[in-house]
Amino acid sequence: MGGVRARSGSGAARAAVSGGSGRPEPVAGKHVLSAQGARLFLGRDHRLTAFARAEEGLLRWTQSAPGASVWDGPELIASPRFLHFGMAQGADGFLHFFGVRAAGATDLPVVVHAVQYQTGRPLTRWHAVGTPYKDAEQARSVLPPAAALGPSGRLHLFLARSGGGVSVRHEAADGGWPAWRGLRGQLSQEGMVAATSASGLVELLVPAGNGRAMRWRQDTPDGEMTRCPNIHIAPAPGTLAVLETAPDRMTYYWSDTATGAVLAHRPGEWIIPLGGAGESDGRISVLRTALDGYDCTVLAHRAPTGDVMLAACATENEAAGLWWAPTGERSAGPPALAADAYGRVVVATLDESGRLRIARQAEEPGLVMGPAIHV
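A brief report on the enclosed structure follows. Keep in mind it's a predicted model, so treat the numbers as computed, not measured.

## Some points on the overall build of the chain
Per the secondary structure count, the chain includes two helices and 30 strands. Radius of gyration (C-alpha) of the chain: 20 Å, near the 21 Å computed for a compact globule of 375 residues. Judged by the C-alpha coordinates and their principal axes, the chain covers about 55 × 45 × 35 Å. Counting across all 375 residues of the chain, residues that qualify as buried make up 57%. In the chain, of all internal contacts separated by at least 6 residues, the share reaching a separation of at least 24 is 43%.

## Notes on the sheet that holds strand S3 (residues 48-54)
The strand order S2-S3-S4-S5 describes an open sheet built from four strands, whose pairing is antiparallel. In this open sheet, the two strands that pair with only one neighbour each are strand S2 (39-42) and strand S5 (71-78). Taking each pair of neighbouring strands and ignoring which way they run, the sheet shows an average axis angle of 25°. Two elements, S2 and S3, share four bridges in a ladder whose sense is antiparallel.

## Focus on the nonpolar core
In terms of nonpolar packing, the biggest core is built from 19 residues, with Leu 40, Trp 61, Trp 71 and Leu 356 touching the most fellow members. No other element matches S3, which puts four residues into this core. With 17 residues, the next largest nonpolar core counts Leu 143, Ala 148, Phe 158 and Val 168 among its residues.

About the cut-offs
- Residues numbered from 1 in each chain as written.
- Predicted model: local features only at pLDDT ≥ 70, side-chain atom pairs only at ≥ 80, totals over all residues.
- Heavy atoms only, no water.
- Helix = DSSP H or I, 4+ residues; strand = E, 2+ residues; numbered from the N terminus.
- Rg over C-alpha atoms; globule rule 2.2 N^0.38 Å.
- Buried < 20%, exposed > 50% of the residue type's maximum accessible area, 1.4 Å probe, protein only.
- Contact = heavy atoms within 4.5 Å.
- Pairing = 2+ DSSP bridges.
- Axes fitted to C-alpha atoms, helices over the stretch in contact; angles between N-to-C directions.
- Core = buried A, V, L, I, M, F, W, Y, C linked by side-chain atoms within 4.5 Å.

Structure (structure tokens):
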């Protein structure tokens, strides 16, 4: 596998076809919450879709055709006003949107949920999933939730409050929502992540106090969550990411609270320093894909300077070392990674004005990123 190189950056981007002529300016661009970064997903029709939050709702950019350089959008999608927001995609390609809806002075903030079944199509209506907390103070101290999809497409929603325990609500086979169930635990902190293995087992990791993280896992698809031994890590808030790197085995990546170093860990093994990355500002993006015919893991993050850093390694061989390279891009928030219809790595970022920038892997050996374009 070749090295990581990049030819992004504003100078290179000017040589690319931006598609800017005659294209509309970003919808309410000055209201885009750029610091929260972009999200990027590959749909069932093999087109990529990027999302960003704005004060007025969600912004959506849609690839015009599989693998194309031209994108449509941004479109403004009406949504509630959120305290916290997240997205998850199932094996069926459906995109699930979930978040904690901000409440008025006399209401409790509740979790809401909507689905996009087809690329570029409208979302379903926002459905209130509720909250496990009856006390107003507890309900207002909720942390960003996490979610994962079971093999049947059923959604598993996880919610915790700062310093408290974790609760889950599973979507039923008939589409209903049985009551919230407590998973116990305590001292929850921001940054929980959930993922589903290829065999359909959901795993949850929740940072907690005293340099540890609480872990749960299903024994059977769409089954109950079973508590596993704690993992002794201390991820900085919002940096934790998870990726299935072998059948039913998850690898976690994060930025350490004390040192800022980027680290990796598979439960039951040693913690692995991913040297040379520097401190990560915000969530780390991870992608498992083929590079030069090898099974590889690609990582991207935003440095505190705003520079987007990129690295790759053979999957589950982080200990052999990673070479981090600046892409030449600067981002107002965390970057997003995805593979396009042809398996090429794509990096999505938001600039300070809320405009989306897309960089795509070049047709060269190794991980060489071509110039980024505004879309």
